[in-house]
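Chains, contacts and geometry: an overview
Residue-level listing of the chains:
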Amino acid sequence: PAPGTAPSTLGAVDYDALRASPHMVISFSHFLPRIELLPEKRFMFYPNLAKAAGSQALRARVERLQPDMHIFGHTHLPWDGVLDNVRYIQAALAYPRERERGMTKMEPSTFPKEPLLVYDTKLGPVPLHNPYGGRHYLLAPRDPTNQELAPWVKGWRRKAK
C-alpha cells in the first residue's frame, strides 16, 4: 500500500469457506447495507435521513458474504427482520430524548437498559425481537406511491410549526 494508507483486506475474505462453515456468520457495520432497512419517508420525523442512509458498496459486500445475521446502526431506528435470508438487526441506543419516548424498544428484551442478546451459544439465534415500529414492513409491503404522512408525523409537524 501507499505510505500512510492501510492495507486492503477486501480480497482476503474467503467467502466460499465462510458460507460452507457449520458456524453462524454474523457481520457488522455502522451504516445501513440496504435502503429497505429504512422506513418510507412518510413514516419518518426526519425524511432527509434517507439521503444519508444505505450504501451500495456495503450491500454488495453483505450479499457476497451471505451472513446469517447482519447487525447495523446509524439511523437510531430499531429493526429486527429477515430480508433475502439474512436477519438484519439494529438495536439503536439513540439520543436520550428518543430513549425517553420509547423509540428504542426491542421487546421482549430490556434493551437499552441491558445489552441486546442476539445469539446464545447453547440455543443459537434468539427469536425475533419486536422493535418499536419495526414490524410494519414484515406485515405490509412498501408503497412508494402513497404520499400520505403517517398520523404521528402529521401531529409532530403541526406541533413544530
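Below, the structure is looked at part by part. (Residues numbered from 1 in each chain as written. Predicted model: local features only at pLDDT ≥ 70, side-chain atom pairs only at ≥ 80, totals over all residues. Heavy atoms only, no water.)

1. Overview of the pattern of salt bridges
Note the cut-off: The working definition used for a salt bridge is a side-chain nitrogen of Lys or Arg within 4 Å of a carboxyl oxygen of Asp or Glu. Relative accessibility thresholds used throughout: buried, under 20% of the residue-type maximum; exposed, over 50%; partly exposed, between the two (1.4 Å probe, protein chains only).
Taken as a whole and judged by the stated rule, the model has six salt bridges. With its nearest N and O atoms 3.3 Å apart, the salt bridge here joins Glu36 to Arg34. The exposure class of Glu36 is partly exposed, given its relative accessible area of 24%. Judged by its relative accessible area of 6%, Arg34 is buried. Here Lys154 ties to Glu148 by a salt bridge, and the two come within 2.7 Å at their closest N and O atoms. A relative accessible area of 31% means that Lys154 is categorised as partly exposed. Several salt bridges share partner residues, and in doing so they unite Arg34, Glu36, Arg59, Glu63 and Asp84 into one network.

2. Some thoughts on the sheet that holds strand S2 (residues 69-71)
Convention followed: Two strands form a pair only when DSSP identifies at least two bridges running between them. The helix count covers DSSP runs of H or I at least four residues long, the strand count covers runs of E at least two residues long, and both are numbered beginning at the N terminus. Each axis is a line fitted through C-alpha atoms, and for a helix only the stretch in contact is used; angles between axes span 0 to 180 degrees, taken between their N-to-C directions.
Strands sit in the order S1-S2-S4-S3 across an open sheet of four strands; the sheet is mixed. Two strands bound the open sheet, and with one partner strand each, they are strand S1 (26-28) and strand S3 (79-83). For this sheet, the mean angle separating the axes of adjacent strands, direction not counted, is 20 degrees. Sheet analysis places S2 next to strand S4 (residues 86-90), joined by three bridges and oriented parallel.

3. Notes on the nonpolar core
Keep this limit in mind: We call a set of buried Ala, Val, Leu, Ile, Met, Phe, Trp, Tyr and Cys residues a nonpolar core when their side-chain atoms join them within 4.5 Å.
With 11 residues, the main nonpolar core is built from Leu32, Leu37, Leu38, Met44, Ala53, Leu58, Val62, Phe72, Trp79, Val86 and Tyr88. Core analysis: the second largest hydrophobic core is formed by seven residues, Met69, Met106, Phe111 and Leu116 among them.

4. Points about helix H2 (residues 56-65)
Stated precisely, the cut-off is as follows: Read the arc as the range of directions from the helix axis to the C-beta atoms. Contacts are assigned to residue pairs with any non-hydrogen atoms lying within 4.5 Å of each other.
Looking at H2, one finds that the buried residues are Leu58, Arg59, Val62 and Leu65. When H2 is viewed along its axis, its buried side chains cluster within an angular range of 130 degrees and face the same direction. Residues Gln56 and Ala57 are exposed on H2 and point more than 90 degrees away from its buried face. If you follow the buried residues of H2, they end up packed against helix H1 (15-20), S1, S2 and S4. Looking one or two residues past H2, Gln66 carries a phi angle of roughly 55 degrees, positive in sign.

5. Considering the pairing of S3
The sheet contact formed by S3 and S4 spans five bridges and is antiparallel. Each bridged residue has a counterpart across the sheet, and for Val82 the counterpart in S4 is Arg87. The turn joining S3 and S4, which pair antiparallel and follow one another in sequence, is formed by two residues; a positive phi near 50 degrees is taken by Asp84.

6. Topic: unusual backbone geometry
One non-glycine residue, Gln66, lies in the positive phi region at around 55 degrees. Mapping Gln66 onto the fold places it in the loop between H2 and S2. Under the relative-accessibility criterion, Gln66 is labelled partly exposed at 47%. One non-glycine residue with positive phi stands out, namely Asn85, at about 70 degrees. Note on Asn85: relative accessible area 73%, which makes it exposed.

7. Topic: the environment of Pro125
Structurally, the position occupied by Pro125 is in strand S7 (residues 124-125). With a relative accessible area of 44%, Pro125 lands in the partly exposed category.

8. Points about the environment of Asp143
Applicable threshold: Identification of polar contacts relies on pairs of N or O atoms within 3.5 Å, with a donor-acceptor requirement for protein atoms, meaning one able to donate a hydrogen and the other able to accept it, and with residues adjacent in sequence counted only if both atoms are side-chain atoms.
Positionally, Asp143 belongs in the loop between helix H4 (136-139) and helix H5 (151-160). A sequence separation of 103 residues divides Asp143 from Glu40, and the C-alpha atoms of the two residues are 8.2 Å apart. For Asp143, the contacting residues outside a window of four places in its chain are Glu40 and Arg42. Within polar-contact distance, the side chain of Asp143 engages the side chain of Thr145 at 2.4 Å.

That's the geometry; what it means functionally is another story.
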